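Read off the chains here:
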Amino acid sequence: MTNDVQQMTGKRAYPPRKSEFTQVFWDGVAQGRFRTTKCGKCERTSFPPKPICPHCWSDQVSWTDLSGHGVLYSATTVHAGPAAFAADLPYRVGIVDLDEGMRVATRILDDTKLDEPVELVALAYEDGPLYGARRAPADK
Amino acid sequence: MTNDVQQMTGKRAYPPRKSEFTQVFWDGVAQGRFRTTKCGKCERTSFPPKPICPHCWSDQVSWTDLSGHGVLYSATTVHAGPAAFAADLPYRVGIVDLDEGMRVATRILDDTKLDEPVELVALAYEDGPLYGARRAPADK
Amino acid sequence: MGVVAGAIVRTNDCFQIACVTKKYPIFFMLSDLLNAKSRILREYLQVRTGRVIALPTYRMEGVRLNENVAILGGAASPVGKMQGVSEDGIQQLEHEVLAKLVVEALADAGLEKSDVGSMIFTLPRPYTQQKYFATFMANYLRLPCDGLVMEVMGNGMTPALAFQTAIDQVRLGRTKVALALGVNFETGTPSAEHMMSSMRATGDVDFHTPFGFTPISWYAMDAVRYIHEHNSSREDIASVAVKNRRHAMDNPIAQYRKPMSLDDVLAQRPIVEPLGLFEVPGRGDGAVCLVVASEDVARGTGKPFVRVKGEGFYHEGAHQISEMPNDMISFEAAKIAGAKAFLNAGISAKNLDLAEIYAPCTIVEILVAEALGLCPRGQGARQAANGETSVGGRIPICTSGGLLSRGHPAYVTALYSYFEVLEQLRGRGGARQVSDAELGIVCTELGNYNAAMVHVLEAVA
Amino acid sequence: MGVVAGAIVRTNDCFQIACVTKKYPIFFMLSDLLNAKSRILREYLQVRTGRVIALPTYRMEGVRLNENVAILGGAASPVGKMQGVSEDGIQQLEHEVLAKLVVEALADAGLEKSDVGSMIFTLPRPYTQQKYFATFMANYLRLPCDGLVMEVMGNGMTPALAFQTAIDQVRLGRTKVALALGVNFETGTPSAEHMMSSMRATGDVDFHTPFGFTPISWYAMDAVRYIHEHNSSREDIASVAVKNRRHAMDNPIAQYRKPMSLDDVLAQRPIVEPLGLFEVPGRGDGAVCLVVASEDVARGTGKPFVRVKGEGFYHEGAHQISEMPNDMISFEAAKIAGAKAFLNAGISAKNLDLAEIYAPCTIVEILVAEALGLCPRGQGARQAANGETSVGGRIPICTSGGLLSRGHPAYVTALYSYFEVLEQLRGRGGARQVSDAELGIVCTELGNYNAAMVHVLEAVA
Ligand SMILES: [Zn+2]
Ligand SMILES: [Zn+2]
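In this text, all values refer to a predicted model and were calculated from it rather than measured experimentally. For every chain, the first residue of its written sequence is number 1, and the numbers climb from 1 along that sequence. In the order they appear in the text, chains get letters beginning with A and ligands get numbers beginning with 1. In view of the model being predicted, local features appear only for residues whose pLDDT reaches at least 70, and side-chain atom pairs are presented and counted only at 80 or more, with totals across whole chains, interfaces and linings using the full set of residues. Remark: hydrogens and water are excluded; side-chain values derive from all non-hydrogen atoms of the structure.

(A) Examining the side chain of His-55 of chain B more closely. Numbering of helices and strands starts at the N terminus; helices are DSSP runs of H or I of at least 4 residues and strands are runs of E of at least 2. Along the polypeptide, His-55 of chain B turns up in the loop between β3 (45–46) and β4 (61–65). Other than its neighbours up to four places away in sequence, His-55 of chain B contacts Cys-42, Arg-44 and Thr-45 of chain B, Lys-113 and Arg-142 of chain C together with Glu-323 and Met-324 of chain D. Two residues form a contact once any of their heavy atoms are found within 4.5 Å.

Written out as structure tokens, the structure is:
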């Protein structure tokens, strides 16, 4: 299952670090694929992905695909930001509850209202991937 | 009572800050005058100078002159130092017990041995004063 | 001269040997005495006093906690701009500012230097040049300590953790008197640069920071959700800022004291929507010292003091957001920490006369008031607008002016909160005094109220 | 479904309500129950469980400290280079390293996630991008806590303060099990740059730093004075480095394990005279997690554990040097903290089987050994050279290899020391095992040993 990949100009303002473990996630995002970890012991998922299940502390985790679909729980528009984000101001960030029962914080790319359906979209910057959320198409 | 003032070329590697209170000390050093604070309540002196007596916490302190004479308690030569001091390497620092019963840490300007008499000397850099200690003249 | 230990005195909670050669009395926990052979006790006293000691006989009766701890005094600098270098190269130095407050606080407490045996500091900002500030101050004040000397850190909860840890030193019998103190100097650093650091704090550096979340953006999302769920309004929420400014006008150490109307608040440029400039905290420098002591010491001073009647801490195990969707604006940790503190104190929320709440934004005060049971769910904003949380109202909140008007030098902010309740419970609130104030709380947080710490404080005349 | 609280169980030290709807048992201090009307107790339980609770009857018998606290388990990463970014942009992240150790340590302790109720962290280095690391980890591990979650800081004593504060959470009844843990990543920053920060730590920024004092320059001056006063020699002092390397060769997590002779040590370039490269600490990254718990929990696991038999802290009220001339190399604070710990434990120094001493330089180990009474004054260097402080000798010191060979990731170093004594007292020391080790100490410091903290640890089979 893959989501849209939107080509972006320029570099990310504050690029996330990658560990041997989290690079699997970021490499997936670069291809429009959202994945996270699921525990083989308690069968619960986690986000961000973690090498240890935060629910039961088992290290028997494996990767599982996410639909990238959910609803907008809350959002705000930031008008005063850190130096690195000055060029983006104002920008909107928010909290998305995914269909799989996980809560994610990300950039909100449009004016979606609370409790409306959204979808994650990969943002392919010149130096690597990020992601955001936007109003889900009506047919989904 | 004043001590020697040695003219130095260049600026201090890491200049001390000055508060309204400690500037009295540093302005004195610039003129070869070493002073510290003495408590009006318990009559004890303190070094570095402080607006509050560390012995009894009274704020009834006043300035008192120091002879600048003492003995070398210990010293070492630093061969690996912070970036700001790279140009000085190697340099000698040490601990001086002043005749007035106070212990001071400072640059040691020569090869004085432990328990030998030393005197403080003002070092007038282009951007402000510091001080050091050297072997006291035999006639003192 | 051979006998140095005058006597082993049984006090409420630990034994004390008054050594005539030292200014500092030596305390023992009863457990020490229970374990120690008299030979070992003699060895110990020899190290402490440098002399051979004759030991009186003593009896042990079981180990007991120092249950009751009190706040005896305090001192706080006005919140505002202190950091920075003037044209002539002169600047205010953190340790000079704080040392002066230590002396003031001790005088306020009616105690002396030799009574103090522990100092728990808030971590200074990285902009403070002097590192290892706690031990630097132990030297600057030339204060030997048997209780811990350290710096603690836990986001906006930092000062409350220092306060709690100072209490713990007394409760564990390491000292009779401890200081909770700290300095927050930060105004020398511009905001956009400061945010480059703070954006790495309130969230996940790899999964939140890259999107541009700022500390207050999380609270803004609380406000948006609150308005959405409870049909509240920006106006009602903003009334908290107006109310707190009114309180601050009567607080001589507050940073912002000019009169301010609701229209003034609403007219400001947006910072994190729906919150505008006056609904989010400004930046400031500050320094505070509080004196805590066992209750027997407090009684010995003959002065009014404040008893730490109850305490509660809870961390919900999340940071900014819970990865499992939850009711983000119910502030679970504040609920639990409050319930723990009330249980520990043996009171209910309705017994309270006032509350100082750590609330960087208007909305936060509302949500905490609801979580603690000071206002019904969904009614906090309305009740603030109605004056129920003003001085003179049903339950005055943030009589100091709170973070928005008293000011928010973050790593010492909550020390100002304890100081305010101390003043109120000693009847020193001036024009903002809550009449007959006997029972107050301080509530602090970290994250998006993912953890909370609540102290119930009680006036003792 | 109405009744959620199964029972109020009287354990050794606090009451426990086992709530079947929560994974986490709720503890009460007896003082809570003494204060609480049953209405308030019911309110509390309702907040904690979200349900109406039927209360069984209970009896109170007075408040009692959790006197005995134990170390049950631990895990530590090998000391070395972990920080840094590889060519493909991949790096080790502090939280991934530490989370793995938490899980390992819990398994070692024979406990589960739901047993843990507090985490006391050492402050990470400023080079750690993730700020507010403690609460970040509480989220990463999704661990609700009733005991404190915070970061502590006190120079090289930082890890010992975390350990003590974790113990205190148990002793105060806030939790039965607490973690003392931390990560020190610093090798991504070059030494000359790192020293620009550390030079602001071990002294006065205005009255020491401008002269170029470095942290280890103070210890070098101890060495110079020691040689001067006691007719000792650089060779005897340097023998400590050789001895510690021999120990480290048998320690799989040590940073430096290649064989090393006295000639090798003496041949190195000088760093701070008379100390050369192998007599001062290298730099390294590290991470450790220790599990402490009340003794009843420890006994319940059926595993061998280590009892915290005694503790002692003292700060002399000076930082690097005393402004009043004193005997700088007598390490007064170590003497007093040691005497306090011995008194608290009911033992003498001669009862000890091994000691882990925080000693960044060779000379420091010698001076601490003398201050603690492990070696006679002025004889420490000689006795080290004679093998008296080696494994197999009279009193083995730093069986781990110490700071010089096991490694010195400063803000977690002492956690490695506790870990070593834990391993030794459980008979897991491998080739470096001290035979019949039953009683050990860990001694840590800050400044030029201006403060010291000593813990006496005892094997319990
Ligand atoms: Zn699991
Ligand atoms: Zn005085």
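(B) Here's a closer look at the sheet that holds β4 of chain B. All names here are of chain B. Read from one edge to the other, the open sheet built from three strands follows the order β3-β2-β4, with strand pairing classed as antiparallel. Each edge of the open sheet is held by one strand with a lone partner, namely β3 and β4. Across two bridges, the pairing between strand β2 (residues 35–39) and β3 is antiparallel. Counted as the bridge partner of Thr-37 is Ser-46 from β3. Only strands joined by at least two bridges in the DSSP assignment are considered to pair.

(C) Structural context of the relation of the copies chain C and chain D. When the copies are overlaid, the least-squares fit takes in C-alpha atoms only where the residue has pLDDT of at least 70 in both copies. The transformation that overlays chain C on chain D combines an axial shift of 0.0 Å with a rotation of 180°, and the residual RMSD is 0.0 Å. Put plainly, the chains are arranged around a two-fold axis. Considering only C-alpha atoms, the residue of chain C closest to the rotation axis is Val-152 of chain C, which sits at 2.2 Å. Of the interface residues in chain C, 100% have counterparts in chain D that sit at the interface too, so the contact is made through matching surfaces.

(D) Seen up close, the interface of chain C and chain B. Taken together, the contact pairs 20 residues of chain C with 14 residues of chain B. Between chain C and chain B, a total of about 1,600 Å² is buried, with carbon and sulfur atoms accounting for 62% of that surface. By definition, a salt bridge exists where a carboxyl oxygen of Asp or Glu is found within 4 Å of a side-chain nitrogen of Lys or Arg. Run the count over chain C and chain B and you get one salt bridge. Close ionic contact of Glu-94 of chain C with Arg-17 of chain B constitutes a salt bridge, the shortest N to O distance being 3.7 Å. The definition of a polar contact used here is a pair of N or O atoms within 3.5 Å, where within protein one atom must be able to donate a hydrogen and the other to accept one, and adjacent residues in sequence count solely through side-chain atom pairs. The interface formed by chain C and chain B contains six residue pairs in polar contact (both at pLDDT 80 or more). Classification convention: Asp, Glu, Lys, Arg as charged; Ala, Val, Leu, Ile, Met, Phe, Trp, Tyr, Cys, Pro as nonpolar; all other residues, Gly among them, as polar. Looking at the side of chain C that touches chain B, its residues break down into nine nonpolar, five polar and six charged. By buried area we mean how much accessible surface two parts lose on assembly, using a 1.4 Å probe and totalling the loss over both.

(E) Region of interest: the side chain of Asn-3 of chain B. Residues and elements named next belong to chain B. Its location among the elements puts Asn-3 in the segment before β1 (5–7). Polar contacts involving the side chain of Asn-3 include one to the main-chain carbonyl oxygen of Ser-67, which spans 3.4 Å. Excluding residues that lie within four positions of it along the chain, Asn-3 makes contacts with Gly-32, Phe-34, Ser-67, Gly-68 and Leu-120.

(F) Helix α1 (residues 23–30) of chain B, seen in detail. Residues and elements named next belong to chain B. Only protein chains enter the calculation, and the probe is 1.4 Å; a residue is then buried if its accessible area is under 20% of its type maximum, exposed if over 50%, and partly exposed in between. Of the positions making up α1, those classed as buried are Phe-25, Trp-26, Gly-28 and Val-29. Taken end-on, α1 shows its buried residues confined to a sector of 155°, consistent with a single buried face. Residue Gly-32 follows α1 closely and has a positive phi angle near 80°. This arc corresponds to the set of directions leading from the helix axis out to the C-beta atoms.

(G) Region of interest: helix α11 (residues 332–345) of chain D. All names here are of chain D. Multiplying 1.5 Å by the residue count of a helix minus one yields the expected span of that helix. Between its first and last C-alpha, α11 extends 20 Å over 14 residues, near the 20 Å set by a 1.5 Å rise per residue. Of all 14 residues in α11, 12 are buried, a share of seventy percent or more. Where α11 is concerned, the buried positions are Ala-333, Ala-334, Ile-336, Ala-337, Gly-338, Ala-339, Lys-340, Ala-341, Phe-342, Leu-343, Asn-344 and Ala-345. Positive phi appears at Gly-346, one or two residues downstream of α11, with a value of about 70°.

(H) Representation of the confidence of the model for chain C. Residue and element names in this part refer to chain C. Considering every residue of chain C, the mean pLDDT works out to 90; 89% of them sit at 70 or more. How sure the predictor is of each residue is captured by pLDDT, a score from 0 to 100. Overall, residues 57–64 carries pLDDT values under 50, and its contacts beyond four positions in sequence, including any with other chains, amount to 20 contacts. Under the prediction, the complex receives an ipTM of 0.95, its pTM being 0.95.

(I) Representation of the interface of chain C and chain D within the structure. The interface is formed by 87 residues belonging to chain C together with 87 residues belonging to chain D. Across the chain C/chain D interface, buried area totals approximately 7,500 Å², and carbon plus sulfur atoms make up 56% of it. Remark: the boundary between chain C and chain D carries six salt bridges. Lys-340 of chain D is the salt-bridge partner of Asp-146 of chain C, the closest N and O atoms lying 2.6 Å from each other. There are 32 residue pairs in polar contact (both at pLDDT 80 or more) connecting chain C and chain D. At nine residues, helix α11 (residues 332–345) of chain C tops the list of elements feeding residues into the side of chain C that touches chain D. Counted by class, the side of chain C that touches chain D contains 40 nonpolar, 22 polar and 25 charged residues. Sheet topology places strand β6 (residues 149–153) of chain C next to strand β6 (residues 149–153) of chain D; three bridges connect them, and they run antiparallel. Considered in β6 of chain D, the bridge of Val-152 of chain C is made with Val-152 of chain D.

(J) Quick peek at the sheet that holds strand β3 (residues 45–46) of chain A. Residue and element names in this part refer to chain A. Taken together, three strands build an open sheet; the order of strands is β3-β2-β4 and the sheet is antiparallel. Looking at which strands have only one partner, the edges of the open sheet turn out to be β3 and β4 (61–65). Pairing between strand β2 (residues 35–39) and β4: five bridges, direction antiparallel. What sits directly across from Thr-37, in β4, is Trp-63.

(K) Representation of the pairing of strand β9 (residues 128–135) of chain A within the structure. All names here are of chain A. Of all eight residues that make up β9, six are buried, and the element is covered over most of its length. In terms of strand pairing, strand β7 (residues 103–108) meets β9 through two bridges, oriented parallel. Across the sheet, Arg-107 pairs through a bridge with Gly-132, a residue of β9. Here eight bridges tie strand β8 (residues 117–125) to β9, and the two strands are oriented antiparallel to one another.

(L) Just the coordination of the zinc ion (ligand 2), in detail. Residue and element names in this part refer to chain B. Around the zinc ion (ligand 2), the donor atoms from the protein are Cys-39 (SG), Cys-42 (SG), Cys-53 (SG) and Cys-56 (SG), and they sit 2.3 Å away. Around the zinc ion (ligand 2), the four donor atoms are arranged such that angles at the metal cover 102 to 119°; this shape is classified as tetrahedral. Along the chain, the residues donating to the zinc ion (ligand 2) fall in the pattern C-x2-C-x10-C-x2-C. Of this pair, Cys-42 sits in the loop between β2 and β3 while Cys-56 sits in the loop between β3 and β4, and the two are 14 residues apart along the sequence. On the accessibility criterion, Cys-42 (27% relative accessible area) is partly exposed. Residue classification places Cys-56 among the partly exposed positions, given a relative accessible area of 21%. Coordination here is defined by N, O and S atoms within 2.8 Å of the metal (3.2 Å for Na, K and Ca), and since water is not considered, a site can look incomplete. Metal sites are grouped by the angles between bound donors: all angles between 85 and 135 degrees with four donors is tetrahedral, opposite donors over 155 degrees apart with the others between 65 and 115 is square planar for four donors and octahedral for six, and any other pattern is irregular.

(M) The environment of Ser-197 of chain D, seen in detail. Of note, Ser-197 of chain D is situated in helix α6 (residues 191–198). Relative accessible area serves as the criterion here: at 13%, Ser-197 of chain D is assigned to the buried category. Separated by 142 residues in the primary sequence, Ser-197 of chain D and Ala-339 of chain D place their C-alpha atoms 34 Å from one another. Aside from chain neighbours lying at most four places away, what touches Ser-197 of chain D is Lys-131 of chain C together with Tyr-127 of chain D.

(N) Layout of the packing of aromatic side chains. Pairing of aromatic rings covers Phe, Tyr and Trp, the last counted by its six-membered ring, and requires centre-to-centre distances within 6.5 Å; plane angles under 30 degrees mean stacked, over 60 mean edge-to-face, and any other angle means tilted. Here the structure, examined in full by the defined rule, presents 34 aromatic pairs over all chains. On the numbers, 5.5 Å between centres and 55° between planes, the contact of Phe-25 of chain A with Phe-207 of chain C is tilted. Of this pair, Phe-25 of chain A sits in helix α1 (residues 23–30) while Phe-207 of chain C is found in the loop between α6 (191–198) and α7 (215–230), placing the two residues in two different chains. An identical accessibility class is assigned to Phe-25 of chain A and Phe-207 of chain C; each is buried. Their ring planes at 45° and their centres at 5.9 Å tell us that Phe-85 of chain A and Tyr-91 of chain A sit as a pair that is tilted. Here Phe-85 of chain A and Tyr-91 of chain A have matching classes, each one buried. Through successive ring pairs, a cluster of aromatic residues spans Phe-25, Trp-26, Phe-34, Phe-47 and Tyr-131 of chain A together with Phe-207 and Phe-211 of chain C. The side chain of Arg-125 of chain C reaches across the aromatic face of Tyr-411 of chain C, ending 4.1 Å from its centre. Two conditions define a charge located above a ring, namely a distance within 6 Å from the ring centre to NZ of Lys or CZ of Arg, and an angle within 35 degrees of the ring normal.

(O) The arrangement of the coordination of the zinc ion (ligand 1) in detail. For the zinc ion (ligand 1), the full set of protein donor atoms is Cys-39 of chain A (SG), Cys-42 of chain A (SG), Cys-53 of chain A (SG) and Cys-56 of chain A (SG), at a range of 2.3 Å. Read from N- to C-terminus, the donor residues coordinating the zinc ion (ligand 1) fall into the pattern C-x2-C-x10-C-x2-C.

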